[in-house]
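# Breakdown of the fold
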Amino acid sequence: MEPANNKYSGFVDYGHSLEAPEVTASEALVFLLVGLRSHWKQPIGYFLTDKASAATQSSLINTALTKASAAGLKVWCVTSDGTSTNITTYKILGCTFGDSHESISTKFKHPVTGEDVFVIPDACHMLKLARNALAFLGTICTPDGEKIEWKFFNSLHLVQEQEGLKPGNKLSNNHVQYKKHKMNVILAAQTLSGSVADAIDFMNTVLKLPEFRESESHRLIYQDHRQAF
């Protein structure tokens, strides 16, 4: 314990099953069981880590599944943030991730029962990752070659600021200056919403503003996203 800093410090610890490096832990990896048909949550373990590897995480997931099975519990799915380490963890367990629906398999075999265990990345975190990736890269291309470009979001915000009107959307400075609000799910959802896609489409097809030329893909991508759910 460090009273002066008001915090605890300790070494990485994965329990008795895995060897841990002798380095100071910087975070905790927590396993939590959540009921699907009833409202209950139960932490079943935590591990002090310092950026745990995908191999370590996959081993700990299998251990958690094994212990849950021994207690008579059936785990249907595993949910986590969509970080690159977590995605690699799922690949080690047996999932595949490709560029099309046909090449994606988000399930792996239970280490005890052999039943399918499904992987569901947290939707809120994935939405923020999608917004961050689009803003950082500037352009994202679909498998069909359609381009989604961040510049149209900036252009829409600029037009709305100049005119003092918003055609049915909530896009604001907080949405386009997202770096100060990276963890805000609502802002990410509103940025990638159908209302913003409609507004961009209106600027292009009705007002025919030159800065929105070739922005049709924003409308098409939102339609595909809505149909997928």
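Scroll up for the structure.
These notes cover the structure that comes with them. (Residues numbered from 1 in each chain as written. Predicted model: local features only at pLDDT ≥ 70, side-chain atom pairs only at ≥ 80, totals over all residues. Heavy atoms only, no water.)

## Here's the deal with the packing of aromatic side chains
Each aromatic ring pair is described using two quantities: the centre-to-centre distance and the angle formed by the ring planes. Under the definition given, this model contains 4 aromatic pairs. Centre to centre, the rings of phenylalanine 31 and phenylalanine 47 are 5.9 Å apart; their planes meet at 90 degrees, and the pair counts as edge-to-face. Note that phenylalanine 31 is positioned in strand E1 (residues 27–34) and phenylalanine 47 in strand E2 (residues 41–49), a separation of 16 residues in sequence. Overall, the relative accessible area of 14% leaves phenylalanine 31 in the buried class. Between tryptophan 150 and phenylalanine 153, the ring centres sit 5.1 Å apart and the planes meet at 25 degrees, which makes this aromatic pair stacked. Here tryptophan 150 matches phenylalanine 153 in class, with each residue buried. Against the face of tryptophan 76 rests lysine 74, its NZ or CZ located 3.8 Å from the ring centre. (Phe/Tyr/Trp six-rings, centres within 6.5 Å; stacked < 30°, edge-to-face > 60°. Helix = DSSP H or I, 4+ residues; strand = E, 2+ residues; numbered from the N terminus. Buried < 20%, exposed > 50% of the residue type's maximum accessible area, 1.4 Å probe, protein only. Lys NZ or Arg CZ within 6 Å of the ring centre and 35° of its normal.)

## Focus: the side chain of histidine 175
Secondary-structure assignment places histidine 175 in helix H5 (residues 173–176). By relative accessible area, histidine 175 is classed as buried at 3%. Polar contacts involving the side chain of histidine 175 include one to the side chain of glutamine 190, which spans 2.7 Å. (Polar contact = N/O pair within 3.5 Å; in protein donor to acceptor, adjacent residues only side chain to side chain.)

## As for a negative patch on the surface
Taken together, the side chains of Asp144, Glu146, Glu214 and Glu216 present a region of like negative charge at the surface. Position of glutamate 146 among the secondary structure elements: in the loop between strand E6 (139–141) and strand E7 (147–149). (Patch = residues over 30% accessible without salt bridge, like charges linked within 9 Å, V, L, I, M, F, W, Y side chains within 5 Å. Areas by Shrake-Rupley, 256 points an atom, 1.4 Å probe, with all protein chains shown as cover. Salt bridge = Lys/Arg side-chain N within 4 Å of Asp/Glu carboxyl O. Lys, Arg positive; Asp, Glu negative; His and termini not counted. Charge placed at Lys NZ, Arg CZ, Asp CG, Glu CD.)

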